[in-house]
Amino acid sequence: MYDPNSAIPEEAQPVFWRRFDAWRGERHQRFTARNAGRLRSWRNRRTYRRVVIAQMTSVLVMLLGAVPAFFDKTWFVIPFVGGALATLVWQRILRIITGSIGDAPVTALDEIQLAQRNSARSLAFIVLFTLMFIPYLVLIGLSVQDEVAGQTVYGVAILLVSLLLSAGVLPSMLIAWWMADPDPDDYEVIPALPDTPGHLDPAPRDPTHLDPAHLHPADQKGPHR
């Protein structure tokens, strides 16, 4: 479907952009098909929110680990790298259990999913825009000095990476927090008919080829003379 919030009108979209959207849609379908049977017991509201809390904890550990980078290049690695790796792992889990709605293309979403995705991305952009003022203010404060230590510049870079990664995983966290319990009918398996191996025969049967044993007694008689 077409994104009504897109800045480019549908008739003005270039061909390469449409092909890119189609490629993203196929890639998303392959991802969801490959992970459809994984973590089935995790796909409920309680587990969604537990994973979001674990993701938030990992992000906080990463952000706190970025602070020592202003003073030391060694000891900050343990909390920073550990928190960043845990953040990526929980992000992968969130994508699996939520169907990767947060970064799915428009062609793979319905209207409700598209509205959730756009709302989550809008909030994540506002958070990112606000967080970027932190390193900017630090750089403005450092600019009043005649000399700035390389360790301080290194710490600002690590802080920027932490804030960008934190805002990047926020859409998936918001969507997982908003999601309700799935409909049990979504997991219902419809058995195949006994006389058809998993699919229906599209060709109608010729009624003249019916078995006479299954016909009504009145229909088994020959033509009236």
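Structure's up top.
Now for a description of the structure that goes with this document. (Residues numbered from 1 in each chain as written. Predicted model: local features only at pLDDT ≥ 70, side-chain atom pairs only at ≥ 80, totals over all residues. Heavy atoms only, no water.)

## Here we look at the packing of helix H4 (residues 111–131) against helix H5 (residues 133–142)
When two helices pack together, their arrangement is captured by the angle between the axes and the distance separating the axes. Heads up, the rule is: Fitted lines through C-alpha atoms give the axes, limited to the stretch in contact for helices. The angle between two N-to-C directions lies from 0 to 180 degrees. Secondary structure counts use DSSP, requiring at least four H or I residues in a row for a helix and at least two E residues in a row for a strand, with both numbered from the N terminus. These descriptions rest on fixed angle ranges, namely under 35 degrees for roughly parallel, over 145 for roughly antiparallel, 65 to 115 for roughly perpendicular, and the rest for oblique. When checking whether two residues touch, look at their non-hydrogen atoms; a contact exists if any pair is within 4.5 Å. Polar here means any residue other than Ala, Val, Leu, Ile, Met, Phe, Trp, Tyr, Cys and Pro, which are nonpolar, and Asp, Glu, Lys and Arg, which are charged; Gly is therefore polar.
Between H4 and H5, the shortest axis-to-axis distance is 5 Å and the interhelical angle comes to 10 degrees. Judged on the interaxial angle alone, H5 and H4 are roughly parallel. Facing Phe129, Thr130 and Leu131 of H4, the residues of H5 in contact are Phe133, Ile134 and Pro135. Across the contact of H4 with H5, the residue classes tally to five nonpolar, one polar and no charged.

## Some words on H4
Test applied: An expected span of 1.5 Å times one less than the residue number is assigned to each helix. Counted as a polar contact is a pair of N or O atoms within 3.5 Å, where, for protein atoms, one must be capable of donating a hydrogen and the other of accepting one, and residues adjacent in sequence contribute only when both atoms are in side chains.
End to end, H4 covers 30 Å across 21 residues, agreeing with the expected 30 Å (1.5 Å per residue, within 8%). Packed against the buried residues of H4 are helix H6 (150–168) and helix H7 (170–178). The backbone nitrogen of Ile112 has a side-chain oxygen 3.3 Å away, supplied by the residue at the start of H4, namely Asp110.

## So, the packing of aromatic side chains
Quick reminder of the rule: By convention, a stacked pair of Phe, Tyr or Trp rings (six-membered ring in the case of Trp) has centres within 6.5 Å and planes under 30 degrees apart, an edge-to-face pair has planes over 60 apart, and any other such pair is tilted. Type-normalised accessible area, obtained with a 1.4 Å probe on protein chains alone, sets the label of each residue: buried when under 20%, exposed when over 50%, and partly exposed for intermediate values. Remark: a charge is flagged as sitting over a ring if the NZ atom of Lys or the CZ atom of Arg is within 6 Å of the ring centre and within 35 degrees of the ring normal.
The tally for this structure, following the rule as stated, stands at four aromatic pairs. With a centroid separation of 5.8 Å and 80 degrees between ring planes, the pair formed by Phe76 and Tyr154 is classed as edge-to-face. Placement of the pair is Phe76 in the loop between helix H2 (45–66) and helix H3 (77–98) and Tyr154 in helix H6, with a sequence separation of 78 residues. Seen in terms of ring centroids, Phe129 and Phe133 are 5.4 Å apart; in terms of plane orientation they differ by 85 degrees. Their pairing is edge-to-face. Judged by its relative accessible area of 42%, Phe133 falls in the partly exposed class. Taken together, the aromatic side chains of Phe76, Phe80 and Tyr154 make up a single cluster linked through ring pairs. The cationic tip of Lys73 hangs over the ring face of Tyr154; the distance from NZ or CZ to the ring centre is 5.4 Å. If you follow Arg95 out to its NZ or CZ, it ends over the ring of Phe31, 4.3 Å from the centre.

## What about the side chain of Gln55?
Positionally, Gln55 belongs in helix H2. Ignoring anything within four residues of it in the chain, the contact list for Gln55 reads Ala86, Thr87, Trp90, Gln91, Leu94, Val169 and Met173.

## Some points on the pattern of salt bridges
For clarity, the threshold we go by: Here a salt bridge means any side-chain nitrogen of Lys or Arg lying within 4 Å of a carboxyl oxygen belonging to Asp or Glu.
Taken as a whole and assessed by the stated rule, the structure comprises one salt bridge. Here Arg95 makes a salt bridge to Asp103, at a shortest N to O gap of 3.3 Å.

## Some words on a positive patch on the surface
The line we're drawing: Distance thresholds for patches are 9 Å for like charges and 5 Å for nonpolar side chains (Val, Leu, Ile, Met, Phe, Trp, Tyr), applied to residues having over 30% relative accessible area and no salt bridge. Method for areas: the Shrake-Rupley scheme with a 1.4 Å probe, in which residue coverage is limited to the protein chains shown. Positive charge is attributed to Lys and Arg, negative charge to Asp and Glu, and no charge count is given to His or to the chain ends. A charged residue contributes its charge at one atom only: NZ of Lys, CZ of Arg, CG of Asp or CD of Glu.
Judged by side-chain charge, Arg27, Arg30, Arg34, Arg38 and Arg92 come together as a positively charged surface patch. Top contributing element to the positive patch by residue count: helix H1 (residues 15–34), with three residues. When you line up the elements, Arg34 lands in helix H1. Residue Arg34 is classed as partly exposed on the basis of its relative accessible area of 48%.

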